[in-house]
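Overview (structure and organization)
Here's the letter readout for the chains.
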Amino acid sequence: QQQVKQSPQSLIVQKGGISIINCAYENTAFDYFPWYQQFPGKGPALLIAIRPDVSEKKEGRFTISFNKSAKQFSLHIMDSQPGDSATYFCAASSQGGSEKLVFGKGMKLTVNP
Amino acid sequence: GAVVSQHPSRVICKSGTSVKIECRSLDFQATTMFWYRQFPKKSLMLMATSNEGSKATYEQGVEKDKFLINHASLTLSTLTVTSAHPEDSSFYICSARTNTAYNEQFFGPGTRLTVL
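Everything quoted here is computed from the prediction, not taken from an experiment.

Turning our attention to the packing of aromatic side chains. All names here are of chain A. All told, the structure shown has 16 aromatic pairs over all chains when counted by the stated rule. Ring plane angle 40° and centroid distance 4.9 Å describe the contact between F33 and F66, whose orientation is recorded as tilted. Note that F33 is positioned in strand β4 (residues 30-38) and F66 in strand β7 (residues 62-67), a separation of 33 residues in sequence. Relative accessible area serves as the criterion here: at 0%, F33 is assigned to the buried category. Given a relative accessible area of 8%, F66 falls into the buried group. Look at F33 and F73: their rings are 4.8 Å apart centre to centre, the planes differ by 50°, and that puts the pair in the tilted class. Here F33 is found in strand β4, whereas its partner F73 is found in strand β8 (residues 72-77), with 40 residues between them in sequence. With respect to burial, F33 and F73 carry one shared label: buried. Among the aromatic residues, ring-to-ring pairing joins Y25, F30, F33, W35, F66 and F73 into one connected group.

Have a look at this one:
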């Protein structure tokens with residue numbers, strides 16, 4: 001049973017556009033929600049993470065929105081650039097992140113010039 | 001900061017041999033490290049959780065005698081694939097969790113294992 005559902009599976013946007021990736025979780029014990037970016041042949045890189053005490057967190061062009069009642073969180077990439085083309089994974093963990101991460105299936109983003 | 005290295009980045013070996021992969025946290029201490037396996041265009045599959053000074057905890061379905069994990073120090077964990085076979089060919093990635101209240105997990109660059 002997949003505990004973190006990620007959508008869409010792939011996304012194509014034009015340069016300068018907004019990329020939105022959604023994730024939904026089932027386990028109400030989850031309280032740490034990171035996003036990772038992975039380029040082909042490389043390990044995932046931590047982009048940004050959020051905890052349930054806030055509903056939104058912004059770092060540069062990346063924003064996480066969190067809806068605890070709906071058990072959903074999303075990543076918004078503003079002013080998308082071709083260099084943002086990568087696979088993005090959402091994840092969730094409990095105990096403040098001290099438990100193992102549960103990953104979504106990933107979303108391949110392509111930003112056209 | 002928060003850099004994790006893996007060595008080697010690529011390895012090709014013959015069937016039946018053993019391969020050791022090292023994972024190091026370069027600028028922080030990590031009581032807990034994780035080993036993942038990733039198939040092409042798929043998500044990360046957790047293989048085991050490695051705690052410094054104790055036995056690793058393996059996920060269901062992962063053969064602990066085949067994938068030996070040692071976490072001898074706060075900055076080094078190793079994964080040894082014993083008696084490797086072609087089906088073990090994969091991308092292996094480690095991560096290290098910071099010993100802070102944030103519990104952030106940082107990943108290494110991965111090791112591409114090809115078993116001939």
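After that view of the structure, there is still more to cover.
Applying the stated criterion across every chain, the model contains two disulfides over all chains. Put simply, A:C23 and A:C90 are joined by a disulfide, and their sulfur atoms are 1.9 Å apart. Judged by the sign of its S-S torsion, about -95°, the cystine formed by A:C23 and A:C90 is left-handed. You can see A:C23 sitting in strand β3 (residues 19-25) and its partner A:C90 sitting in strand β9 (residues 86-94), a full 67 residues away along the chain. Between the sulfur atoms of B:C23 and its disulfide mate B:C94 the distance is 2.0 Å. Here the disulfide of B:C23 and B:C94 is right-handed, its torsion about the S-S bond being about 80°. One end of the pair, B:C23, is in strand β3 (residues 19-25); the other, B:C94, is in strand β9 (residues 90-97), and 71 residues separate them in sequence. Each member of the pair, B:C23 as well as B:C94, is classed as buried. Free of any disulfide, B:C13 has its nearest cysteine sulfur in B:C94, 18 Å distant. Assessed through its relative accessible area of 9%, B:C13 is described here as buried.

Taken together, the contacts link 20 residues of chain B with 20 residues of chain A. Taken over both partners, the interface formed by chain B and chain A buries close to 1500 Å², and the fraction arising from carbon and sulfur atoms is 52%. Across the contact surface, chain B and chain A share one salt bridge. Residues A:K100 and B:E59 are paired through a salt bridge, measuring 2.7 Å at the closest nitrogen-oxygen approach. Between chain B and chain A we count seven residue pairs in polar contact (both at pLDDT 80 or more) in total.

With that out of the way, let us pick up the environment of A:N112. Residues and elements named next belong to chain A. With respect to the helices, strands and loops of the structure, N112 is situated in strand β11 (residues 107-112). Accessibility expressed as a relative area gives 27% for N112, which makes it partly exposed. When the C-alpha positions of N112 and D31 are compared, they lie 35 Å apart, and in sequence the two are 81 residues distant. When near neighbours in sequence (up to four residues on either side) are disregarded, N112 contacts I12, V13, Q14 and K15. A distance of 3.4 Å separates polar atoms of two side chains, one belonging to N112 and the other to Q14.

All names here are of chain A. Tallying each qualifying case throughout the model produces five salt bridges over all chains. With a shortest N-O distance of 3.7 Å, K57 and E59 are connected by a salt bridge. A relative accessible area of 37% places E59 in the partly exposed class.

Okay, the side chain of A:Q38 next. By secondary structure assignment, the location of A:Q38 is in strand β4. Looking at A:Q38, the relative accessible area reads 7%, which means it is buried. Among the polar contacts made by the side chain of A:Q38, one reaches the side chain of B:Q38 at a distance of 2.9 Å. With sequence-adjacent residues up to four places away left out, A:Q38 is seen in contact with A:G43, A:P44, A:A86, A:T87, A:F89, B:Q38, B:F91 and B:I93.

Rules used throughout
- Residues numbered from 1 in each chain as written.
- Chains lettered and ligands numbered in written order.
- Predicted model: local features only at pLDDT ≥ 70, side-chain atom pairs only at ≥ 80, totals over all residues.
- Heavy atoms only, no water.
- Phe/Tyr/Trp six-rings, centres within 6.5 Å; stacked < 30°, edge-to-face > 60°.
- Helix = DSSP H or I, 4+ residues; strand = E, 2+ residues; numbered from the N terminus.
- Buried < 20%, exposed > 50% of the residue type's maximum accessible area, 1.4 Å probe, protein only.
- Disulfide = S-S within 2.5 Å.
- Contact = heavy atoms within 4.5 Å.
- Buried area = accessible area lost by both parts, 1.4 Å probe.
- Salt bridge = Lys/Arg side-chain N within 4 Å of Asp/Glu carboxyl O.
- Polar contact = N/O pair within 3.5 Å; in protein donor to acceptor, adjacent residues only side chain to side chain.

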